[in-house]
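# Structural features, examined
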Protein chains: 2
Amino acid sequence: MADKAEIQEAIKTQGEVVRKLKAEKASKEQIDEEVAKLLELKAQLGGDDGKHVFVLKTAKGTRDYNPKQMAIREKVFNTIISCFKRHGAETIDTPVFELKETLTGKYGEDSKLIYDLKDQGGELLSLRYDLTVPFARYLAMNKITNIKRYHIAKVYRRDNPAMTRGRYREFYQCDFDIAGQYDPMIPDAECLKIVHEILSELELGDFRIKVNDRRILDGMFAVCGVPDEKFRTICSTVDKLDKMSWEDVKNEMVNEKGLAPEVADQIGEYVSMQGGMELAEKLLQDPKLSQSKQACAGLTDMRQLFSFLQLFRVTDKVVFDLSLARGLDYYTGVIYEAVLTQSGPAPAPPQQQNGAAGEESVSVGSVAGGGRYDGLVGMFDPKGRKVPCVGVSIGIERVFSIMEQKAEASAEKVRTTETQVMVASAQKNLLEERLKLTADLWDAGIKAEVMYKKNPKLLSQLQHCEDTGIPLVAIIGEQELRDGVVKLRTVASREEVDVSRAELVEEIKKRTFQ
Amino acid sequence: MADKAEIQEAIKTQGEVVRKLKAEKASKEQIDEEVAKLLELKAQLGGDDGKHVFVLKTAKGTRDYNPKQMAIREKVFNTIISCFKRHGAETIDTPVFELKETLTGKYGEDSKLIYDLKDQGGELLSLRYDLTVPFARYLAMNKITNIKRYHIAKVYRRDNPAMTRGRYREFYQCDFDIAGQYDPMIPDAECLKIVHEILSELELGDFRIKVNDRRILDGMFAVCGVPDEKFRTICSTVDKLDKMSWEDVKNEMVNEKGLAPEVADQIGEYVSMQGGMELAEKLLQDPKLSQSKQACAGLTDMRQLFSFLQLFRVTDKVVFDLSLARGLDYYTGVIYEAVLTQSGPAPAPPQQQNGAAGEESVSVGSVAGGGRYDGLVGMFDPKGRKVPCVGVSIGIERVFSIMEQKAEASAEKVRTTETQVMVASAQKNLLEERLKLTADLWDAGIKAEVMYKKNPKLLSQLQHCEDTGIPLVAIIGEQELRDGVVKLRTVASREEVDVSRAELVEEIKKRTFQ
């Protein structure tokens, strides 16, 4: 622990950082972040003084969801889950932590980003890093060879957070995978159909789904003369083409990775190609590429995939793009990635999302990714039995942040409750009558609220409706009680009608039917 | 790391443990647990031999949810969330881990059960232990003084798991709380109404909701002559009355906690009392108890509470029970606990659930608990500003296990998908036609499945429907394609009718309307 003088010095410095930011009118989030650091320093000091300064914050890189954010989250999840269910998927859940060993050796050098639990005696545990490795563990453990499942849950990465840009240490993944031995490209095509459906329904603007195949990439590297041992590293350089110019990529290949310039140029020709089924057919005739068995297998499947995509009517958005690489090791066949092509309101670089499996960086605007990984389950099976899998992961944090920005920009207020009616009174001493009516409505399945006050003002009851978007008010007074009616007020129009108690439930249902 | 000989010795010993259990025909779970330990030991050795034995299991005290369990979980959550929404609640979410400091000093000696994260540089973090402390932190941090919110999420306790009996280290909590300064007992009564609604709707069998008040307990201790400093410890002894006889409880009070026998006897008289509003009125006249200001305040509120409960029509299940204590420190007023009074199929002792706040053990059969905690938020506020809160926590793991047992016992199969129709063919070479029709149905919002095979047998397509409960099959063949129709088969009755393609969507909707 640093000594007191050191901390006091640090507090002084940090105090100045905060003052400077405030003077510069920096963003609230930025200021809050620095204030939190300041408070933390003060807390360290506080311990010595006997007076403890409590740091009131969430852990670095995490956030609370307030009711408004939850309402948006619920809407997005509903759209996505409906789609998964429409395609006949089941769902599973796995624990938030796994044996450390389960995650070991699955994420390459990103393993350093895994959160470990403290050794408090017993097993060594780690927080899950994605949903794909737990899924593969689940399949192997339960000897499941066929399943179509979705899994929506939080995953954890000790990454450098950039919360203003939507990068968190705790974030949602939203995965759909099909495991099983099937005829080629049918489940793969369904995954792309799902991406198409979800992105269309979420109305995030126009998008494109890039498709490629690991075998085509490997075949291409082989025929261009890339040495076997450099396939992976050249692959991850190709993966940067969506963020870097060809010149820079070539430069990296030649100068950093030691490729001959003419080899790089040959790769450059291929990775500039984009098209559809006709490109797959053309490349099957390519004198060079057709010499690779691997490439031919990938191209034949690609042709087949496009024929299914035509039947699914999604070829308008799908592009066969030879520059799509995706960094991850364990893809074995088709790979894909969806990108938004319009910049929305203040487009934020996305959370690092893995595809169907694992981690790679994705391009700005990427909102979904995945591919085929036929070897992963076998890594968990004691006898190495393989279960072919293909899947897709929706980059949901990016979707949330777009939807939140849209909600901010829109005039329409996001409701955080679903209350249909407020039970109110203009007169005093009617608490019991209000509670009785409210209970009647609850028991009839109506979503109803009542103020927890003996004698609330009518104005404050109406104001609560305005604030929270409650559409109706059921007002009772002495006269209404005598007549056996309720004054039903429509908040928006201020129109009021007397409705008999017997007909009240039906009337509320009619007026709030969605 | 232990050396090789040591590990080999441990493997030998553990091997015998497993053999012995198998010979004794111990439970599968017990054997699995010991086998896992054996495999772990072997894995340690494996590293040295170069051959790694992978341990295929979830972390101790945790479990996967398979699709069937997820279907039950979804049903239970829907019931509970509908109720919370009917009462106008918003929802929030908080991160799975908090600063360690946030949890410090909130759980008394149960703090030892908190999972800490490894110090990997940066903040010291712990997994949340309940949802109440994060809620209080959220309120203080955002200076919120009024909110009605629910929160459903997993919490973590390094408890001794007893998974066969539904006790896990990762388990759900399902909390509803009302924060704000309101007129007495109105939000408290709503919490009890909510428990009544949820337990009735879940159809778990008959139940009873016990109610008491911390101030009544404290007043009772005072007038019986319990020294102030023994209030808490005597309170936790009283809390055992639902599991122990009065004789044993008295014995603990006198012999372990040093109470005079005549003091214990006086307590014994009070804690045997049960009733409703009339008991509150009677005790307000009690010559001894009425001398305690605290007790009188509690009893006056209790009388008020029962008058609201009458309006809410829930007094049939609610009992004012002076023996209800609930172990937790921070309750300040009303406390309650719901118990199932019928033993269901093989009643399992419940997961330790906290009430609205924190941890205590609950009686067998307890499925909900909570109370008023007016001081907790103030612990987080820099200026100690209080926000009165009352809440309830549904013991959802216990509910899951009852529902799972019910599902096992019932003849009805739990569906894990919602698929309405299977697109099938009896003839070969119709894959493309099947895919096209399936896409038509998806695009029309119908939940449809199709087999990922070129030429599946009709029988296996029908079998899949039987297995997974898909009610309809849309069969196409050459003849149907020529006629522009689909043969729509009802799986249950085997009845088939020709439906024109144009009317297919409507027909499926009509037949699968729920």
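In this report, the structure presented in the accompanying data block is examined. (Residues numbered from 1 in each chain as written. Chains lettered and ligands numbered in written order. Predicted model: local features only at pLDDT ≥ 70, side-chain atom pairs only at ≥ 80, totals over all residues. Heavy atoms only, no water.)

### What about the overall build of chain A?
The condition that has to hold: What counts as a helix is a DSSP run of H or I of at least four residues, what counts as a strand is a run of E of at least two, and both are numbered from the N terminus. Here's how the labels work: a residue is buried when its accessible area is under 20% of the maximum for its type, exposed when over 50%, partly exposed in between, all with a 1.4 Å probe on protein chains only. Only heavy atoms matter for contacts: two residues are in contact if any of them lie within 4.5 Å across the pair. Accessible surface area values rest on a Shrake-Rupley calculation with a 1.4 Å probe, where residue burial reflects the displayed protein chains alone.
From N to C terminus, chain A includes 18 helices and 16 strands. Seen along its three principal axes, the alpha-carbon backbone of chain A occupies a region of about 90 × 70 × 50 Å. Within chain A, the fraction of its 514 residues that count as buried is 58%. Partitioning the intrachain contacts of chain A with sequence separation of at least 6 by distance along the chain shows that 69% fall at a separation of at least 24. Summed over all atoms, the accessible surface of chain A reaches about 21600 Å², with 50% contributed by carbon and sulfur.

### Notes on the interface of chain B and chain A
Quick reminder of the rule: Reported buried area values correspond to the accessible surface (1.4 Å probe) lost by two parts on association, with both partners' losses combined. For salt bridges, the criterion is a side-chain nitrogen of Lys or Arg within 4 Å of an Asp or Glu carboxyl oxygen. Identification of polar contacts relies on pairs of N or O atoms within 3.5 Å, with a donor-acceptor requirement for protein atoms, meaning one able to donate a hydrogen and the other able to accept it, and with residues adjacent in sequence counted only if both atoms are side-chain atoms.
At the junction of the two partners, chain B supplies 94 residues and chain A supplies 93 residues. Regarding the contact of chain B and chain A, the summed buried area is about 8500 Å², with carbon and sulfur atoms giving 58% of it. Among the residues of chain B in contact with chain A, Leu56(B), Trp442(B) and Tyr452(B) are the three that bury the most area, contributing 10% of the side total. Viewed at the interface, chain A and chain B are joined by 20 salt bridges. Residues Arg313(A) and Asp443(B) are paired through a salt bridge, measuring 2.8 Å at the closest nitrogen-oxygen approach. In this assembly, chain B and chain A are joined by 48 residue pairs in polar contact (both at pLDDT 80 or more). Of all the elements, helix 15 (residues 431-443) of chain B adds the most residues to the side of chain B that touches chain A, at eight residues.

### Remarks on the side chain of Glu397(A)
All names here are of chain A. Its location among the elements puts Glu 397 in helix 14 (residues 396-409). Relative accessible area serves as the criterion here: at 3%, Glu 397 is assigned to the buried category. For Glu 397, the side chain forms a polar contact with the side chain of Arg 63, separated by 3.1 Å.

### Some points on the packing of helix 8 (residues 231-238) of chain A against helix 9 (residues 246-256) of chain A
All names here are of chain A. This is how the line gets drawn: For helices, the fitted axis covers only the stretch in contact; all axes are lines through C-alpha atoms, and the angles between them, taken along N-to-C directions, range from 0 to 180 degrees. If an angle is under 35 degrees, it is roughly parallel; if it is over 145, roughly antiparallel; if it lies from 65 to 115, roughly perpendicular; otherwise it is oblique. Should the near helix be turned anticlockwise from the far one by less than a right angle, the crossing is left-handed, and should it be turned clockwise, the crossing is right-handed. All residues other than Ala, Val, Leu, Ile, Met, Phe, Trp, Tyr, Cys, Pro, Asp, Glu, Lys and Arg, Gly among them, are scored as polar; the first ten of these are nonpolar and the last four charged.
Where helix 8 meets helix 9, the axes come as close as 9 Å, and the angle between the chain directions of the two elements is 160°. Judged by the angle between their axes, helix 8 and helix 9 are roughly antiparallel. Considering how the two elements wind past one another, helix 8 and helix 9 form a crossing that is right-handed. On the side of helix 8, the interface is formed by Ile 234, Thr 237 and Val 238, while helix 9 contributes Val 249, Glu 252 and Met 253. Residue classes in the contact of helix 8 with helix 9 are distributed as four nonpolar, one polar and one charged.

### Here we look at unusual backbone geometry
Of note in this structure, Asn429(A) is not a glycine but carries a positive phi near 60°. By the element assignment, Asn429(A) lies in the loop between strand 12 (421-425) and helix 15 (431-443). Even without being glycine, Arg313(B) reaches a positive phi, approximately 55°. Relative to the elements of secondary structure, Arg313(B) occurs in the loop between helix 12 (293-311) and strand 8 (318-321). The class of Arg313(B) is partly exposed, set by a relative accessible area of 39%.

### Observations concerning the relation of the copies chain B and chain A
Note on the chain copies: they are related by a rotation about an axis and a translation along it. This is how it is decided: When the copies are superposed, the least-squares fit takes in the C-alpha atoms of residues with a pLDDT of at least 70 in both.
Under the fitted operation, chain B is carried onto chain A by 0.0 Å of movement along the axis and a turn of 179°, and the coordinates agree to an RMSD of 0.6 Å. The transformation just described matches what one would write down for a two-fold rotation axis. Interface overlap between copies is the fraction of interface residues in one copy that are interface residues in the other; for chain B against chain A it reaches 99%, indicating a shared surface.

### As for helix 12 (residues 293-311) of chain A
Residues and elements named next belong to chain A. As a reminder of what qualifies: Helix span, as expected, comes to 1.5 Å for every residue beyond the first.
In a regular helix each residue adds 1.5 Å, so 19 residues correspond to 27 Å; helix 12 covers 28 Å between its end C-alpha atoms and thus fits that length. Those residues of helix 12 not exposed but buried are Ala 295, Cys 296, Gly 298, Leu 299, Asp 301, Met 302, Leu 305, Phe 306, Ser 307, Phe 308, Leu 309 and Leu 311. A positive phi of about 60° marks Arg 313, the residue just after helix 12.

### Some thoughts on the packing of aromatic side chains
A ring pair, where both rings are aromatic, is described by two values, the distance of the centres and the angle of the planes. Filter applied, for reference: Aromatic contacts are taken between Phe, Tyr and Trp rings whose centres are within 6.5 Å, Trp giving its six-membered ring; a plane angle under 30 degrees counts as stacked, one over 60 as edge-to-face, and the others as tilted. For a lysine, the NZ atom is tested; for an arginine, the CZ atom; a charge sits over a ring if that atom is within 6 Å of the ring centre and within 35 degrees of the ring normal.
Tallying each qualifying case throughout the model produces 25 aromatic pairs over all chains. Relative to Phe400(A), the ring of Tyr65(A) lies with its centre 6.3 Å away and its plane at 85°, an arrangement referred to as edge-to-face. Remark: Phe400(A) occurs in helix 14 and Tyr65(A) occurs in the loop between helix 2 (28-49) and helix 3 (67-86); sequence separation between them is 335 residues. Each member of the pair, Tyr65(A) together with Phe400(A), is buried. Ring geometry for Phe77(B) against Tyr172(B): centres 5.1 Å apart, planes inclined by 70°, an arrangement best described as edge-to-face. Of this pair, Phe77(B) sits in helix 3 (residues 67-86) while Tyr172(B) sits in strand 5 (residues 170-179), and the two are 95 residues apart along the sequence. Neither Phe77(B) nor Tyr172(B) differs from the other in exposure class; each is buried. Of the aromatic side chains, those joined through ring pairs into one cluster are Tyr65(A), Phe77(A), Tyr172(A) and Phe400(A). The positively charged end of Arg73(A) is found above the aromatic ring belonging to Tyr65(A), 4.7 Å away from the centroid. Positioned over the ring face of Phe207(A) is Lys317(A), at 5.1 Å from the centre of the ring.

### Description of helix 7 (residues 214-224) of chain B
Residue and element names in this part refer to chain B. Across the eleven residues that make up helix 7, a large majority, nine, are buried. When we look at burial in helix 7, the residues that qualify are Arg 214, Arg 215, Ile 216, Leu 217, Asp 218, Gly 219, Met 220, Phe 221 and Cys 224. Those residues of helix 7 hidden inside the fold are in contact with strand 6 (207-213), helix 8 (231-238), helix 10 (261-271), helix 12, strand 8 and strand 9 (334-340).

### Details of the state of the cysteines
To be explicit about the condition: Two cysteine sulfur atoms form a disulfide, by the criterion used here, when they sit within 2.5 Å.
Scanning all chains against the criterion turns up zero disulfides over all chains. In this structure Cys235(A) is not part of a disulfide, and its nearest cysteine sulfur, from Cys224(A), lies 13 Å away. The buried category is assigned to Cys235(A), whose relative accessible area is 3%. The structure places no disulfide on Cys296(B), whose sulfur is separated from the nearest cysteine sulfur, that of Cys224(B), by 14 Å.

### Some remarks on the pattern of salt bridges
Residues and elements named next belong to chain A. Considering all chains together, one arrives at 79 salt bridges over all chains under this definition. The residue Lys 148 makes a salt bridge to Glu 190 at a minimum N-O spacing of 3.7 Å. Of the two residues, Lys 148 sits in strand 4 (residues 147-156) while Glu 190 sits in helix 6 (residues 186-202), which places them 42 residues apart along the sequence. By relative accessible area, which is 9% here, Lys 148 ends up buried. As a salt-bridge pair, Lys 193 and Glu 197 come within 3.7 Å of each other at their nearest N and O atoms. Taken as a pair, Lys 193 and Glu 197 lie in helix 6 at a separation of four residues, close to a single helical turn. Residue Lys 193 is classed as buried on the basis of its relative accessible area, which comes to 3%.

### Brief notes about the pairing of strand 14 (residues 472-476) of chain B
Residue and element names in this part refer to chain B. Stated formally: A pair of strands is considered paired only if DSSP assigns at least 2 bridges between the two.
Of all five residues in strand 14, five are buried, a share of seventy percent or more. Side chains Leu 472, Ala 474 and Ile 476 of strand 14 all project onto a buried face; the interleaved residues Val 473 and Ile 475 project onto the opposite face, where all are buried too. Direction of pairing for strand 12 (residues 421-425) relative to strand 14: parallel, over a ladder of five bridges. From the neighbouring strand, Val 423 faces strand 14, where its bridge partner is Ala 474.

### Let's talk about the sheet that holds strand 13 (residues 448-450) of chain A
Residue and element names in this part refer to chain A. If you walk across this open sheet you meet the five strands as 13-12-14-15-16, and the pairing is mixed. Looking at the sheet topology across the chains shown, the edges are occupied by strand 13 and strand 16 (496-500). Along the sheet, successive strands turn relative to each other by an average axial angle of 30°, direction set aside. Each of strand 12, strand 13, strand 14 (472-476) and strand 15 (485-490) is contacted by helix 16 (residues 458-468), which is oriented at about 170° to strand 12, the strand it contacts most. Helix 18 (residues 504-511) rests against strand 12, strand 14, strand 15 and strand 16 of the sheet, and its axis sits at about 10° to strand 15.

### Things to note about the environment of Val485(A)
Residues and elements named next belong to chain A. Residue position: Val 485 is located in strand 15. Judged by relative accessible area, Val 485 falls into the buried class, the value being 14%. As for Val 485 and Leu 459, which are separated by 26 residues in sequence, their C-alpha atoms are 21 Å apart. Leaving out residues up to four positions away in the same chain, Val 485 has contacts with Ile 476, Glu 480, Asp 498, Val 499, Ser 500 and Arg 501.

### Examining the sheet that holds strand 12 of chain B
Residues and elements named next belong to chain B. An order of 13-12-14-15-16 is seen for the five strands of this open sheet, with the pairing classed as mixed. Every other strand in the sheet has two partners, leaving strand 13 (448-450) and strand 16 (496-500) as the edge strands with one partner each. When the angles between neighbouring strand axes are averaged without regard to direction, this sheet yields 30°.

### Some thoughts on the packing of helix 11 (residues 277-284) of chain A against helix 12 of chain A
Residue and element names in this part refer to chain A. Two elements in contact, helix 11 and helix 12, have axes separated by 9 Å at closest approach and are oriented at 155°. Our classification of the angle between helix 11 and helix 12 gives roughly antiparallel. Between helix 11 and helix 12 lies a crossing of left-handed hand. On the side of helix 11, the interface is formed by Met 277, Ala 280, Glu 281, Leu 283 and Leu 284, while helix 12 contributes Cys 296, Leu 299, Thr 300, Met 302, Arg 303, Phe 306, Ser 307 and Gln 310. Residue composition of the contact of helix 11 with helix 12, by class: eight nonpolar, three polar and two charged.

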